[in-house]
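# Observations on chain architecture
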Amino acid sequence: MPVAFFLACDAGLLILAALAVLLHSRPVATTVIYGGALALCLAQLAGALIHLVGDFAPSAVVLPVGLPWIGANFRLDALSAFFLGVINLGAASASLYGLGAGRHEPEPQRVLPFFPAFLAGMNLVLLADDAFTFLASWEFMSLASWALVMAHHREPRNARAGYVYIVMASVGTMALLLAFGLLAGPAGGYAFAAIRANGVTPGLAALVLGLVLIGAGSKAGLAPLHVWLPLAHPAAPSHVSALMSGVMTKVAVYGFIRIVFDLLGPAAWWWGVPVMALGAATAVLGVLHALMQTDLKRVLAYSTIENIGLIFAGLGLALAFKANGFAAAAALAATAALFHVLNHAIFKSLLFFGAGAVLTATGERGMDRLGGLLNRMPATGLFVLIGCAAISALPPLNGFASDWLLLQSILLSPQLPQWALKILAPAIGAMLALAAALAAACFVRFFGVAFLGRPRSAAAEAAREIDPTTLAAMGFLALLCVLAGVLPGFVIDALAPVARGLTGAQMPWQGGIAWLSIAPIAESRSSYNGLLVFLFIAASASLVAVAIHRLASNVVRRAPAWDCGFPDASPATQYTAESFGQPIRRVFGPFAFRAQERLDMPAPGDRRSARLKVEMHDLVWEFLYLPVVRAVEYVALRLNRLQFLTIRQYLSVVFGALVALLLVLASWP
Amino acid sequence: MALIGELSVQISQMLLVLLLAPLLTGFVRKAKARLLRRRGPPLLQPYRDLLRLARKEAVVAHSASWLFRFVPYLVFAATWVAAALIPTFATGLLFSWSADLIAIIALLGSARFFLALAGMDVGTSFGGIGASREAMFATLAEPAMIMIVFTLALVAGSTQLSTMAGFMTSPAVGLRVSLGMALIALVIVAIAENGRIPVDNPATHLELTMVHEAMTLEYSGRHLALIELASWLKLLVYVSLISCVFAPWGLAHEGKGFSAHAIGILVYLGKLALAGILLALFETTIAKMRVFRVPDFVGVALMLGFLAVLLRFVSGSL
């Protein structure tokens, strides 16, 4: 598949963006823009799949735009093709969702022009083959998504979300800029081919790794640079939230993989250590935060942080294996991470669509004002349930398949020779298992409070099912969750060229194993068959259902809830999101959030009500960001005086700066 | 011919676990009653309970959704599939390769996920309390279980249960510190997962400390029968798991004749009886814990499991 095809599609997306400006807020605009984006994304998805499955040679093109002596280089290889597939899968379903639910948008002209521009920006990052094109597309993507975050700018919290986002995005891009500067070296070879040929010293490579962890990590939501993510992702319209969480974070993962696995040259053994440690810490921190949120979309945003942590843990493991020459194990870990990239794009988009459907139907995002939606929105409820089960890594859905591969790759790590890795790997395994268990609790809470029980508000009581187009977008993704879960072998085989490109090896060919099982190393060692597990559960459940209904009773009587003889009249007596999370907060809260509960119990006879006060701290924000903010404010206040100087003083400042710079240049070795 | 043999072993195993699960629970109840110098219910009482429940009409709350009626079948099916894949009396199960130990644990996790959802479905405070506490226990018990699986997998070089059982009978095992820790951790996890004393009391109702019973409070009739049977099956799963990995003697290996399988079944019955007596003894000698002491108890399992894995990572012989 030639790279020009993708460039043409992305040019089409940019034309759509211009068209959206021209159409302004005409009613037809929504259909035209989302319909066009859907078609272009499907075309790119098909192209990416063909390239990946056909295992074609990379294709490159140089356009005479951009920096004059380099041009704009574009290249399509297996890694780009895989991420193009993931991104366009998410983008196509978001466009489909937009076709349906986009009609309810109050100010469509604030969303429509930026939506295709955002998609084009993400696609161009994946195709870029020189530092300038990469950074320009990256920044284009950031700015377009920032505009989408600010689409509902009148809501009070969104302005702050947009501000934090743009600051963090600028910091991230600056880190990447410096990283590319170091990679290009003094000769300034900014094309990726020149960078690969150039090579860097180990010291510089360490610096680049740190800068990439800051640059790509902040965009992906790696702790402690994640703080913007739970603010910005929920602020955007729901299908854009889905794009940002499910898809844009994957572009950041791509940036990390491209630089660290491809451009930075052979890995040192310790590179995996910070990546794995940050990944595992991110996973646990993200899901603990998710368990404490009561806003549907914020829960999902924090859960994105968790999943990014899992992906980075897998990538770190792959780096460690690769550096030590265990190519097969590295391929397994990298495949697991990439599989999770795909899975997370699918189920996180699905869940954000579900949250958007709930928001459209009820106008509520707070879980404690929802409830009982499964009876009122049965199809949405079913699809969200599938998404919740998949993200909780339950067999036989797709989340379990990638989680299983990741655990299998950790089981290979005792062969690593370095002691730091030997001790880190089991700790990573324990933290990933903890994160998976917490994620299951988090999504029981998510679904149980929002969709089950009795409605807690009039809006939830009056909710109606969403339109069929939106449902189609969710149903498509739910189907993919099941398919990728029961047939993981096909995904692993499709990932083979990518894994080969990254690690020099690939997992054993899964297509030849009987019954469509997957076996990462050998069948005697470990194997899993999602299809059979799925069929077994379905068969035994139906067998029992038929047997009981035939042989025993099939009578159902509807009655008031029993509740141990004390049924509560008010829906407010149900468990809420807060109360569901309380036991977990008591176990993990004291060290994760320094959580404290204070009970103010009035004395007997005193008629004021008792109060329970919970205090929680976002430790990362308080210990990392607030000091920086305070320092900046302090310096700004001191430097403020410079704005009120006379012209003589300004001239002397300029002269002094010039002399100082010349001195530095003169004394530079 | 081998296929037919494996298929017959697989099917007889599926029927055997289904038949034995109520008996094991009845046996534990009887043993506990005898230890307390009560006469106790008859051994076959659980079967009678099941039959009676299955014949009764199912009462479903007005506010319940379709999920409420769907979950009992799903929970039962997931637990049954997990029970069918653990070698009880023979290792040559036809489908043993379709799910390794990690997948079996995750299947039990699926059952718990949906049971907790069902607890929240009717919208009562008891259901919520049960679901949230179950979720809290699971957040510690599941990682502990994964750590135990890691230890076993690193010792046996495989996550397949039949390979593990085969390795454990070979002389290459020896006495290992990590296996001892894993055994203690596994017993703690099994007690917590099955809601036995001191974590939860399977015999209580109307108590603010109950967990499993609170989740299933709204169920009746055939739905309750399935959920009860699933929870008995889960006890059998954990007993079978412990005996398959730590006491794999008497397991009939692949390709052995009918007599080996008959011996396998008899030995398995003996193991179940021994486990039942030990469980009853343990439960009668200990008091139930407060809910917020349970994380410490299960946390011990997590720490032991983690230490065991760490030992395996730093030394091949421990």
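Residues numbered from 1 in each chain as written. Chains lettered and ligands numbered in written order. Predicted model: local features only at pLDDT ≥ 70, side-chain atom pairs only at ≥ 80, totals over all residues.

## Quick word on the overall build of chain A
We apply this condition: Comment: elements are numbered from the N terminus, with helices defined as DSSP H or I runs of at least four residues and strands as E runs of at least two. Throughout, radius of gyration means the C-alpha value; the globule benchmark is 2.2 Å times the number of residues raised to the power 0.38. Every C-beta atom is placed from the backbone, and the number of other C-beta atoms within 10 Å of a residue's own sets its class: buried at 20 or more, exposed at 12 or fewer, partly exposed in between.
Along the backbone of chain A there are 25 helices and five strands. Scaling as 2.2 N^0.38, a compact globule of 669 residues should have a C-alpha radius of gyration of about 26 Å, and chain A matches this with 26 Å. Dimensions of chain A, computed from C-alpha atoms along their principal axes, come out at roughly 90 × 70 × 60 Å. Scored against the burial criterion, the 669 residues of chain A give a buried share of 56%.

## A look at the overall build of chain B
Here is the rule: Contact between residues is assigned whenever the C-beta positions, reconstructed from backbone atoms, fall within 7 Å.
Helices and strands together make up the secondary structure of chain B, namely eleven helices and one strand. The N-to-C order of helical and strand elements in chain B reads α-α-β-α-α-α-α-α-α-α-α-α. By principal-axis analysis of the C-alpha atoms, chain B measures approximately 55 × 45 × 45 Å. A burial count over chain B gives 62% of its 318 residues as buried. Contacts in chain B between residues far apart in sequence, at least 24 positions, make up 80% of those at least 6 positions apart.

## Thoughts on the interface of chain B and chain A
Note the threshold: We call Asp, Glu, Lys and Arg charged. Ala, Val, Leu, Ile, Met, Phe, Trp, Tyr, Cys and Pro are nonpolar, and the rest, Gly among them, are polar. For two strands to be treated as a pair, DSSP must find at least two bridges joining them.
Taken together, the contact between chain B and chain A spans 75 residues of the former and 73 residues of the latter. Elements with a minimum of two residues in the side of chain B that touches chain A: helix H2 (45–55), strand S1 (58–61), helix H3 (66–84), helix H4 (101–121), helix H5 (125–156), helix H9 (221–246) and helix H11 (294–314) of chain B. Element by element, the count of residues in the side of chain B that touches chain A is highest for H5(B), at 18 residues. A class-by-class count of the residues in the side of chain B that touches chain A yields 47 nonpolar, 18 polar and ten charged. With four bridges joining them, strand S3 (residues 556–559) of chain A and S1(B) adopt parallel strand pairing. Note on S1(B): the bridge partner recorded for A:Val556 is B:Ala58.

## Brief notes about helix H17 (residues 419–451) of chain A
Residues and elements named next belong to chain A. Rule in force here: A helix is expected to span 1.5 Å multiplied by its residue count minus one.
Between its terminal C-alpha atoms H17 stretches 48 Å, which fits the 48 Å expected from 33 residues at 1.5 Å a residue. Of all the 33 residues making up H17, 28 are buried; the element is thus mostly covered by neighbouring parts of the structure. Gly453, located one to two residues past H17, shows a positive phi value of around 80°.

## Quick word on unusual backbone geometry
Here A:Ala223 and A:Pro224 are connected by a cis peptide whose omega angle stands at 0°. Within the secondary structure, A:Pro224 is located in the loop between helix H8 (202–220) and helix H9 (229–235). Cis geometry marks the peptide bond from B:Ile197 to B:Pro198, where omega comes out at 15°. Looking at the element boundaries, B:Pro198 is found in the loop between helix H7 (177–193) and helix H8 (212–215). A positive phi is found at A:Asp55, a non-glycine position, where the angle reads about 55°.

## What about the confidence of the model for chain B?
We apply this condition: Known as pLDDT, the predictor's confidence for each residue is given on a scale from 0 to 100.
Confidence in the prediction for chain B averages 90 pLDDT; 98% of positions are at 70 or higher. This complex was scored by the predictor with a pTM of 0.95 and an ipTM of 0.96.

## Considerations on the packing of H17(A) against H4(B)
Stated precisely, the cut-off is as follows: Axis definition: a line fit to C-alpha positions, over the contact stretch in the case of helices; interaxial angles, taken between N-to-C directions, run 0 to 180 degrees. Any angle that falls under 35 degrees is termed roughly parallel, while one over 145 is termed roughly antiparallel, one within 65 to 115 roughly perpendicular, and all others oblique. By definition, turning the near helix anticlockwise from the far helix through less than a right angle yields a left-handed crossing, and turning it clockwise yields a right-handed one.
Where H17(A) contacts H4(B), the two axes come as close as 10 Å, and the packing angle between them is 30°. One way to sum up the angle between H17(A) and H4(B) is to call them roughly parallel. In this structure, H17(A) crosses over H4(B), and the sense of that crossing is right-handed. Judged by residue contacts, A:Ala440, A:Val444, A:Phe447 and A:Gly448 of H17(A) engage B:Gly109, B:Phe113, B:Ala116, B:Leu117 and B:Met120 from H4(B). Looking at the contact of H17(A) with H4(B) residue by residue, the classes come out as seven nonpolar, two polar and no charged.

## Some points on the pairing of strand S4 (residues 596–600) of chain A
All names here are of chain A. The buried fraction of S4 amounts to zero of the five residues, a small share that puts the element mostly on the outside. As judged from the five bridges shared by S4 and strand S5 (residues 611–615), these two strands associate in the antiparallel manner. Across the sheet, Asp600 pairs through a bridge with Arg611, a residue of S5.

## Regarding the domain arrangement of chain A
Heads up, the rule is: Domain extents, as shown, originate in an automatic or database domain assignment.
Segmenting chain A into domains produces domain 1 (266–546), domain 2 (576–601 + 609–617) and domain 3 (625–667). Spacing between the C-alpha centres of domain 1 of chain A and domain 3 of chain A amounts to 50 Å.

## Re helix H6 (residues 161–169) of chain B
Turning to H6(B), its buried residues are B:Leu161, B:Ser162, B:Thr163, B:Met164, B:Ala165 and B:Met168. Where H6(B) is buried, its residues meet H4, H5 and H9 of chain B.

## Remarks on the packing of helix H1 (residues 2–35) of chain B against H3(B)
Residues and elements named next belong to chain B. Where H1 contacts H3, the two axes come as close as 9 Å, and the packing angle between them is 120°. By the angle between their axes, H1 is oblique relative to H3. Here the hand of the crossing between H1 and H3 comes out right-handed. Counting all contacts with H1, which are made through Gln13, Met14, Val17 and Leu18, the residues of H3 involved are Trp80, Ala83 and Ala84. Here the contact of H1 with H3 is built from residues that sort into six nonpolar, one polar and no charged.

## Remarks on the environment of A:Ala17
All names here are of chain A. Looking at the secondary structure, you find Ala17 in helix H1 (residues 3–23). Taking the C-alpha atoms as reference, Ala17 lies 7.3 Å from Phe115; in sequence the two are 98 residues apart. Beyond its immediate sequence surroundings of up to four residues, Ala17 is in contact with Pro113, Pro116 and Ala117.

## Looking at the environment of A:Ala220
Residue and element names in this part refer to chain A. Of note, Ala220 is situated in helix H8. By C-beta crowding, Ala220 is classed as buried, having 29 other C-beta atoms within 10 Å. Separated by 70 residues in sequence, Ala220 and Ala290 have C-alpha atoms that sit 16 Å apart. Setting aside residues up to four positions removed in sequence, Ala220 forms contacts with Thr249, Ala252, Val253 and Ile308.

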